[in-house]
Amino acid sequence: MPQMGGRDLVRRFRGTRPELKVLYTTGFAHEAVSGTDRAGAPDPILLKPSTQETVLQKVREILDHR
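What this report covers is the structure whose coordinates are included nearby. (Residues numbered from 1 in each chain as written. Predicted model: local features only at pLDDT ≥ 70, side-chain atom pairs only at ≥ 80, totals over all residues. Heavy atoms only, no water.)

## What to know about the overall build of the chain
Next, step 1: Counting its secondary structure elements, the chain contains 2 helices and 2 strands.
Next, step 2: Listing the helices and strands of the chain from first to last along the sequence gives α-β-β-α.
Next, step 3: A burial count over the chain gives 18% of its 66 residues as buried.
Next, step 4: Within the chain, residue pairs in contact and separated by at least 24 positions form 25% of the contacts whose partners lie at least 6 positions apart.
Next, step 5: For the chain, the exposed surface amounts to about 5100 Å²; the carbon and sulfur share of it is 56%. (Helix = DSSP H or I, 4+ residues; strand = E, 2+ residues; numbered from the N terminus. Buried < 20%, exposed > 50% of the residue type's maximum accessible area, 1.4 Å probe, protein only. Contact = heavy atoms within 4.5 Å. Areas by Shrake-Rupley, 256 points an atom, 1.4 Å probe, with all protein chains shown as cover.)

And the structure:
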């Protein structure tokens, strides 16, 4: 995204939707530091490349437990 990064976008959305569930994805290991949710828990991150099965499992986990 040319105008802002993912963490900035999440902060902006959480200003009005604090319950927003997030899954960060990156191909860069040094960017593996994600944000935190309203309760202070770290947002999950998925490193690329990943398989469709891995993405689906992670999304299911987030929807079920967060």
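Text resumes after the structure shown.
## Considering the side chain of aspartate 43
Next, step 1: Here aspartate 43 is to be found in the loop between strand S1 (24-26) and strand S2 (45-47).
Next, step 2: Side chain to side chain, aspartate 43 and arginine 14 meet in a polar contact 2.9 Å long. (Polar contact = N/O pair within 3.5 Å; in protein donor to acceptor, adjacent residues only side chain to side chain.)

## So, the pattern of salt bridges
Next, step 1: All chains considered together, the criterion is met by 5 salt bridges.
Next, step 2: Note that glutamate 19 and arginine 17 form a salt bridge whose closest N and O atoms lie 2.9 Å from each other. (Salt bridge = Lys/Arg side-chain N within 4 Å of Asp/Glu carboxyl O.)

## Comments concerning the environment of proline 42
Next, step 1: Here proline 42 is to be found in the loop between S1 and S2.
Next, step 2: As a C-alpha pair, proline 42 and valine 22 span 20 residues in sequence and 9.9 Å in three-dimensional space.

## Overview of the environment of leucine 63
Next, step 1: Of note, leucine 63 is situated in helix H2 (residues 52-65).
Next, step 2: Look at leucine 63 and you get partly exposed, because its relative accessible area is 43%.

## Looking at a nonpolar patch on the surface
Next, step 1: Together, Val55, Val59 and Leu63 make up an exposed nonpolar region whose accessible area comes to about 200 Å².
Next, step 2: With respect to the helices and strands, valine 59 occurs in helix H2.
Next, step 3: Judged by its relative accessible area of 34%, valine 59 is partly exposed. (Patch = residues over 30% accessible without salt bridge, like charges linked within 9 Å, V, L, I, M, F, W, Y side chains within 5 Å.)

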